[in-house]
Every structure is written in C-alpha cells, then in structure tokens.
Amino acid sequence: MWIEARIEGNGNKRKQLDKAPWSGSKIGKRSAKHLLWGLAALLTGCGFIGYFIPARELYLEIFTGNASFWVTAWVWFFAICTYLNAGWMREQMCLHCCPYARFQAVMFDANTKTVTYDAQRGESRGPRKRKQEIPPSEHGLGDCVDCNLCVEVCPTGIDIRNGLQYECINCGACVDACNETMLKFDYQQNLIGYISENELKGVSHSYWRSPRFIGYGAAVIIMLVVIGLDLNSRSEIQLNVIRDRQSLYRETVDNKVENTYQLKIRNKTQQTKQYQIAVLSEMPFSLIAEPVITLAAGEQSEYPVTVLADKAAIPSGRKIIQFSVTDIQEPKQQVSQETGFFSP
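Model, not experiment: these values are computed from the prediction. (Residues numbered from 1 in each chain as written. Predicted model: local features only at pLDDT ≥ 70, side-chain atom pairs only at ≥ 80, totals over all residues. Heavy atoms only, no water.)

Asker: Give a description of the environment of Pro-155 that names residues and reports values.
Answerer: Residue placement: Pro-155 occurs in the loop between α9 (149–152) and α10 (173–184). By relative accessible area, Pro-155 is classed as partly exposed at 23%. The spacing of Pro-155 and Arg-30 is 125 residues in sequence and 21 Å in space, taken between C-alpha atoms. The residues touching Pro-155, leaving out its near neighbours within four places in the chain, are Glu-91, Ile-169 and Cys-171. (Helix = DSSP H or I, 4+ residues; strand = E, 2+ residues; numbered from the N terminus. Buried < 20%, exposed > 50% of the residue type's maximum accessible area, 1.4 Å probe, protein only. Contact = heavy atoms within 4.5 Å.)

Quick look at the structure:
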C-alpha cells in the first residue's frame with residue numbers, strides 16, 4: 001500500500017486512475033507498481049527461505065539465477081503468496097484467513113485497552129466549519145466531524161464508530177487519522193483511542209484483580225523463562241551420525257574390523273570454527289580420518305570417517321560407541337552422539 005500510494009497517489013487519485021482510460025501514463029504507473037510489488041514479494045520469499053538456507057548465498061543465487069530447482073520453487077511460492085495476499089486480497093486476508101482477529105476477541109475482557117470510539121463524546125456526528133462562533137454542542141453535535149478518515153485508512157475497511165468488531169486488528173491507523181482531525185479543529189485528542197470498556201463507563205479497576213491478566217502474565221513469564229533456558233543451553237554445533245548402509249562391517253587382511261560412518265557437522269555460529277573429532281568408548285577403537293575439521297560460518301559438512309578395531313580385542317556383535325565434536329577454541333561447546341559398531 002505504501003508503494004501504491006507513492007506511485008498512484010492517495011485514495012481519491014487511485015479511484016480516478018481506475019476510471020481513467022488506458023494511456024501511456026496509466027500503463028507506466030501500473031507497470032512500475034506491479035514491478036515493485038514483485039520485487040518486494042521476492043525479497044519476502046527469500047526472507048522466509050532464509051530461515052532454512054544461509055541468507056548470504058540464498059540472495060546471491062536467487063538474483064543470479066543459480067539457485068537449485070527446489071530452492072527457487074519455494075522462494076517463488078512465498079513470493080507469489082505475498083504478491084497475491086498483500087497486493088490483491090488485502091483486507092480479505094484479515095477478514096477470512098488471518099487467525100489473529102479470531103483469538104484476539106477471546107483474550108480480552110472489559111479492562112483490556114483496545115481501539116475504541118467514544119460514542120458518548122462523539123455523537124451526534126456531523127460536518128462543521130473549523131472556526132465558528134456557536135459551539136457544536138448547541139447544534140446537537142458531538143466531536144465527530146464525520147470526515148470518514150477512520151474508515152478510509154482502516155486496512156480491513158470497517159467503521160470503528162459502529163462499535164468493537166472482530167475484523168479490527170488494533171493497528172491504530174484510525175486513531176492517528178482521527179487525532180489529526182481533532183488537532184485541526186482544536187478538539188481533545190483520542191476520540192478514537194486505546195480505551196477499555198470500563199474506562200468509557202468511568203469504572204475504576206485493578207489489573208491485579210483480573211484473573212485473565214494474572215493468567216496470561218504467568219503464561220508469558222513461563223514462556224520467557226523456557227526460551228531463556230533454551231537459548232542458554234543451545235549448542236553452537238550440530239552433529240548427525242549416519243552409518244554406511246552398504247556394508248555392516250569390513251574385515252581387513254591384518255585381522256581388524258572397520259565400520260564406516262558419515263558425520264554431518266554444522267557450524268551454527270557466524271565465525272569460522274575448527275572442530276576436534278573423536279570416538280569415545282571403553283574399548284580400543286581408533287578413528288581413521290583427519291581429526292580436525294574447519295567449517296566456515298553457517299557451513300554444513302558431510303565428513304566420512306572410519307572406525308577401526310582389532311578383531312581379537314573386542315567382543316562380537318554390536319557395541320556402542322560415541323562420536324564427539326568439540327570446538328577447539330571453546331572446549332565447552334561440544335556435542336556427541338551414540339551409534340553402533342558391528343563386528344563378526
């Protein structure tokens with residue numbers, strides 16, 4: 001909508017442009033608008049996929065046409081969704097698809113501050129001159145000048161003066177528009193404002209006596225504590241061990257047994273790291289691979305390794321071994337994963 005307003009003008013100008021016959025100017029404005037919409041939508045698509053693929057490579061590959069088929073498909077899927085939802089459906093998304101308006105109504109009570117029109121002060125509404133000697137109240141008018149700006153700026157197209165409606169997303173656009181009008185007429189601000197039902201009635205209240213306030217507050221505190229603990233305990237290294245599926249084990253000519261594994265190691269930091277790889281067990285296993293691996297920021301490596309043991313030094317069947325990956329610079333950053341070692 002911001003792009004549209006900059007190219008085609010305000011609401012009245014856009015309506016005139018819609019009715020106007022096709023011309024070079026109209027085609028140019030429409031083309032520029034949809035081109036910028038497409039660019040914004042493409043950036044949004046990259047933003048979504050950037051949660052799963054390193055963003056530095058993603059943007060470069062998408063805009064140079066070097067991305068893989070599935071990455072390109074998902075980016076364009078989200079881009080097309082953004083283009084259609086934000087450009088064409090707009091308030092229909094808020095009215096019929098977005099769940100926010102639905103659960104919002106469940107969460108508030110009479111003490112919740114929400115976008116509200118003060119009907120007692122605003123009614124009866126009606127137009128008037130900015131400067132007039134006789135007060136509007138003597139004409140039976142309230143503070144609402146019926147400019148209709150609150151409806152025009154509403155993204156869902158509702159009239160907040162008709163009371164609280166589930167379509168309201170509490171964006172506050174009508175509050176700003178109304179306050180500008182009140183300022184021009186030198187009236188008190190917040191004819192439309194963030195007001196609770198009890199405030200309009202003049203009923204005093206305490207949030208601490210509201211079960212919902214205490215309940216939701218406790219829920220928020222619990223979630224913040226859980227998130228904090230999760231962030232504090234998160235590992236900067238990701239490890240996944242995959243056994244070789246082609247052979248259970250191999251016997252060598254010098255009477256030894258070896259198993260092959262693939263280590264998927266991800267550096268989840270923003271710096272290049274060196275990791276020490278080790279195999280842990282009470283039995284004499286040795287790692288046949290370079291024990292130190294270097295990964296760039298955000299990089300994932302599929303690292304093949306072989307574990308070797310003397311056939312006579314280990315019992316037959318399946319044994320549990322453990323791979324560990326340790327940050328050489330920060331030894332506290334370590335991950336490990338158990339897997340099986342098979343022998344005859």
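Asker: Requested: an account of the packing of aromatic side chains, with residues and values cited.
Answerer: Under the defined criterion, the tally for this structure stands at ten aromatic pairs. With centroids separated by 5.1 Å and ring planes inclined at 75°, the aromatic side chains of Phe-69 and Trp-70 adopt a geometry described as edge-to-face. We note that Phe-69, like Trp-70, is exposed. Positioned above the aromatic ring of Trp-22 is the side chain of Lys-26, whose terminal nitrogen or guanidinium carbon lies 4.4 Å from the ring centre. (Phe/Tyr/Trp six-rings, centres within 6.5 Å; stacked < 30°, edge-to-face > 60°. Lys NZ or Arg CZ within 6 Å of the ring centre and 35° of its normal.)

Asker: Describe the pairing of strand β10 (residues 317–327), naming the residues involved and giving the relevant values.
Answerer: Here strand β6 (residues 273–280) runs beside β10; their pairing, made up of six bridges, is antiparallel. Residue pairing in the sheet places Ala-278 in a bridge with Ser-324 of β10. Connecting β10 to the next strand, strand β11 (residues 334–343), in antiparallel fashion are six residues. (Pairing = 2+ DSSP bridges.)

Asker: Please set out the environment of Phe-185 residue by residue, giving values where relevant.
Answerer: Looking at where Phe-185 falls in the secondary structure, it is placed in the loop between α10 and β2 (192–195). Residue class for Phe-185 comes out buried when judged on its relative accessible area of 13%. Between the C-alpha atoms of Phe-185 and Phe-63, which are 122 residues apart in sequence, the distance is 51 Å. The residues touching Phe-185, leaving out its near neighbours within four places in the chain, are Arg-128, Lys-129, Arg-130 and Val-145.

Asker: Can you tell me about the nonpolar core, naming the residues and giving the values?
Answerer: The biggest cluster of nonpolar side chains holds 24 residues, and the ones touching the most others in it are Leu-263, Ile-265, Val-307, Phe-323 and Phe-341. Breaking this core down by element, the ones donating at least two residues are β3 (237–243), β5 (256–267), β6, β8 (292–295), β9 (300–310), β10 and β11. Val-145, Val-151, Cys-168 and Val-175 belong to the second-largest nonpolar core, a separate cluster that totals 18 residues. (Core = buried A, V, L, I, M, F, W, Y, C linked by side-chain atoms within 4.5 Å.)

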